[in-house]
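# Remarks on the overall topology
Single-letter residue listing:
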Amino acid sequence: LSVGDFADGTGGIQVEADPLTVATVNTKHRLAKVDGRFPHWVAPYDDRCERFSLIYYQTEGEVVPKTTAVFGPLTEPDSDGRNG
């Protein structure tokens, strides 16, 4: 979940789903679920804007097997085929 005055569709989470695929998940005012064991970072956004995020981690209990990097919908690809 991210909040702030940055533009919708920017500042989401980008996750390296495999060596050739970077998935973009729009998190503005939305809950999202990604596996933080995969490389991930915040997508670009206007740095003159504010962005805050709320992140939950599972730190106790049974270890969950690593399966997929992203759970749920991704941002639709741009006209050039990139997610964004």
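Our subject is the structure that appears above.
First, a word on scope: everything that follows refers to the structure included in this document.

What counts and how
- Once a new chain begins, its residue numbering starts again from 1 and follows that chain's sequence as written.
- The predicted origin of the model limits local features to residues at a pLDDT of at least 70 and limits the giving and counting of side-chain atom pairs to 80 or more, whereas totals for whole chains, interfaces and linings rest on all residues.
- Hydrogens are left out, water is left out, and the side-chain values use all remaining heavy atoms of the structure.
- By the convention used here, strands pair only if DSSP detects at least 2 bridges between them.
- Strands here mean DSSP runs of E at least two residues long; helices mean DSSP runs of H or I at least four residues long; both are numbered from the N terminus.

## Side note on the pairing of strand β2 (residues 13-18)
In terms of strand pairing, β2 meets strand β3 (residues 21-25) through five bridges, oriented antiparallel. Bridge pairing in β3 links glutamate 16 to valine 22. Where β2 folds back onto β3 in an antiparallel hairpin, the turn is made up of two residues. Bridge count for β2 against strand β5 (residues 40-42) is three bridges, and the pairing is antiparallel. Across the sheet, the residue bridging to glutamine 14 is tryptophan 41, located in β5.

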